[in-house]
Structure formats: structure tokens, C-alpha cells
Amino acid sequence: MAYGIKLRVWGDYACFTRPEMKVERVSYDVMTPSAARGILEAVHWKPAIRWVIDRIHVLRPIKFDNVRRNEVSSKIPKPNPVTAMRDKKQLYFLVDDGKNRQQRASTLLRDVEYVIEAHFVLTDKAGPDDNEGKHLDIFNRRAKKGQFFHQPCLGCREFPASFELLDGEIPESCYAGESKDLGYMLLDIDFANEMTPLFFRATLENGVISPPSPFSEEVRA
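Not measured: the values here are computed from a predicted model.

Description of the overall build of the chain
Next up, step 1: Within the chain, the secondary structure is distributed over three helices and 11 strands.
Next up, step 2: In the chain, which comprises 221 residues, the proportion classed as buried is 40%.
Next up, step 3: At a minimum sequence separation of 6, the contacts of the chain that also span at least 24 residues come to 73%.
Next up, step 4: Per element, the accessible surface of the chain, about 13100 Å² overall, is 50% carbon and sulfur.

Some words on the packing of aromatic side chains
To describe a pair of aromatic rings, you give the distance between the ring centres and the angle between the ring planes.
Next up, step 1: Under the definition given, this model contains five aromatic pairs.
Next up, step 2: With centroids separated by 6.2 Å and ring planes inclined at 35°, the aromatic side chains of Y13 and F159 adopt a geometry described as tilted. Of this pair, Y13 sits in strand β1 (residues 4–14) while F159 is found in strand β7 (residues 156–160), placing the two residues 146 residues apart along the sequence.
Next up, step 3: Overall, the relative accessible area of 31% leaves Y13 in the partly exposed class.
Next up, step 4: Measuring from ring centre to ring centre gives 6.3 Å for F148 and F163, while their planes differ by 70°; the resulting arrangement is edge-to-face. Taken as a pair, F148 in the loop between α3 (132–145) and β6 (153–154) and F163 in strand β8 (residues 162–165) lie far apart in primary sequence, 15 residues in all.
Next up, step 5: F148 gets classed as partly exposed once you look at its relative accessible area, which sits at 33%.
Next up, step 6: For F163, a relative accessible area of 12% corresponds to the buried category.
Next up, step 7: An aromatic cluster is built from W51, F120 and F139, whose rings are joined through pairwise contacts.
Next up, step 8: Here the guanidinium or amino end of R8 rests over the ring plane of W10, the centre of that ring lying 3.9 Å away.

Brief notes about the state of the cysteines
Next up, step 1: Overall, the coordinates contain zero disulfides when judged by the stated rule.
Next up, step 2: Considering cysteine sulfurs only, C156 is the nearest to C153, which forms no disulfide, with 7.2 Å between them.

A closer look at the pattern of salt bridges
Next up, step 1: Applying the stated criterion to the full structure yields 14 salt bridges.
Next up, step 2: Here R110 makes a salt bridge to D65, at a shortest N to O gap of 3.4 Å. Linking R110 in strand β5 (residues 101–122) with D65 in strand β4 (residues 64–72), this pair joins segments that are 45 residues apart in sequence.
Next up, step 3: By relative accessible area, which is 24% here, D65 ends up partly exposed.

What to know about the nonpolar core
Next up, step 1: Among the nonpolar cores identified, the biggest contains 48 residues, and L7, M31 and Y114 are the most heavily contacted of them.
Next up, step 2: The element best represented in this core is β5, accounting for seven residues.

Overview of helix α1 (residues 33–43)
Next up, step 1: Of all 11 residues that make up α1, nine are buried, and the element is covered over most of its length.
Next up, step 2: Considered for burial, the residues of α1 that qualify are P33, S34, A35, A36, R37, I39, L40, A42 and V43.

Quick look at the side chain of E117
Next up, step 1: Take E117: it is sitting in strand β5.
Next up, step 2: Looking at E117, the relative accessible area reads 15%, which means it is buried.
Next up, step 3: At a separation of 2.8 Å, a polar atom in the side chain of E117 contacts the side chain of R55.
Next up, step 4: Residues contacting E117, with those up to four places away along its chain left out, are I5, K6, I53, D54, R55, H57 and I170.

Focus on the pairing of strand β9 (residues 179–190)
Next up, step 1: Summarising the sheet, β9 and strand β10 (residues 196–205) pair through 10 bridges and their orientation is antiparallel. By the bridge assignment, D188 is partnered in β10 with L198.
Next up, step 2: Where β9 folds back onto β10 in an antiparallel hairpin, the turn is made up of five residues, including E194, whose phi is positive at roughly 55°.

Digging into unusual backbone geometry
Next up, step 1: The phi dihedral of E194 falls on the positive side, at around 55°, and the residue is not glycine.
Next up, step 2: For E194, the location among the structural elements is in the loop between β9 and β10.

Parameters and conventions
- Residues numbered from 1 in each chain as written.
- Predicted model: local features only at pLDDT ≥ 70, side-chain atom pairs only at ≥ 80, totals over all residues.
- Heavy atoms only, no water.
- Helix = DSSP H or I, 4+ residues; strand = E, 2+ residues; numbered from the N terminus.
- Buried < 20%, exposed > 50% of the residue type's maximum accessible area, 1.4 Å probe, protein only.
- Contact = heavy atoms within 4.5 Å.
- Areas by Shrake-Rupley, 256 points an atom, 1.4 Å probe, with all protein chains shown as cover.
- Phe/Tyr/Trp six-rings, centres within 6.5 Å; stacked < 30°, edge-to-face > 60°.
- Lys NZ or Arg CZ within 6 Å of the ring centre and 35° of its normal.
- Disulfide = S-S within 2.5 Å.
- Salt bridge = Lys/Arg side-chain N within 4 Å of Asp/Glu carboxyl O.
- Core = buried A, V, L, I, M, F, W, Y, C linked by side-chain atoms within 4.5 Å.
- Polar contact = N/O pair within 3.5 Å; in protein donor to acceptor, adjacent residues only side chain to side chain.
- Pairing = 2+ DSSP bridges.

What follows is the structure, given as C-alpha cells:
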């Protein structure tokens, strides 16, 4: 693909939470396409472009780990920040308050490494100065320097993702020659349609997941 990129990402822990698990966090076996898109957007994003995930290569073995974490049990009501900003007052939210903190079990991924193959397309918000070559150069430059708008993460903010631009061949996956059915996986969120979640049947073929187009017949809402 003329304007495609390859980004290698890795980290000690990851959690790509299954939405069907309501109480305890349980991760998918591998990175979801929406999480991969989030990493690319953390490096470079503009309203003029939209990232499309072509393939996700799983390089290391899938390993799970069980931990218990302190999580916030509530969030600030929406009117409170608006009122505080209007009245020029400080807003306090005690995260360490026993009423706002609860301990939950989480099933996480450990010692992960992926290669994201993706490309971008111009949106209807692209201006006369926007072109594919310009945005490709910006992404490559930022990725090579390790720059980002906000810290890329592996599913959760507390699991930062290390990354590097991959110019050469993609390393062989530990699942080369194997086929693994991963069940239904979150593809992305349809923000234009009341934030409807989209799912697809994920299969790991030779260590690679190839997400379908959101408009494909195999995608389920």
C-alpha cells in the first residue's frame, strides 16, 4: 500500500478489556484494532486523516497474568466541572477516599509485542494543503523520534506502550504455521451512529489478524 506504515509496539503488561465482562477486567487474547488505532493517533492525528488498521502481527506468545488493582468506583458528575469553571472555583475529587476506591481483580496480558500495519485515508475535513505524502512524512518523523501527543498505551493508561517505526521485514511470529480462533472481538466504535460497538470474528492466521472493513457483512453491531 503506497501510504502504509509498520509500527512495532511492546510492553510489560496490556489489557484490552472485553466489554461483556461487567465487573472484573478480562483482556482479549491480543490487541484489538481500535486499540491499535489509538496508538497511531497518539503519535499523529488530524481531522484531515483517518487511520485504517490492515493487519496486527502477534510476535510473542499470549500469556495471561492475574492481579488485583485499586480502581476508582465513581466519576465526577458532568455539571460539577462546568459549575466550577463558571464560578472560577477549584474542584476537588478525592481519589484516595475509601468511598471512591475499590479493589478489583484483572486478567491481563504479560510481555506483549505487536507490529501494526496500517494506512490512512483523507477525510472530508481535509483542506487544500492536506495530502497523503505530507501526513506520511509527519508520522514517520514523529515515530522515528519517539514523539507523541499523549502517551500511547496498551489498552489502559497504566500500561504504556513503547514503539518504533519498522522499516525492514516484519519479524516472524511465534504462531507462524498455526491457526487460532479468537472468537468475537471489538473492531471499533461507530461514533457517527450513537457510539455503536462493532464486532468481528477474529482469527489468528500465522500470527496475523486481518480486521475487516466496518462496512463488511461479517461485522456485527
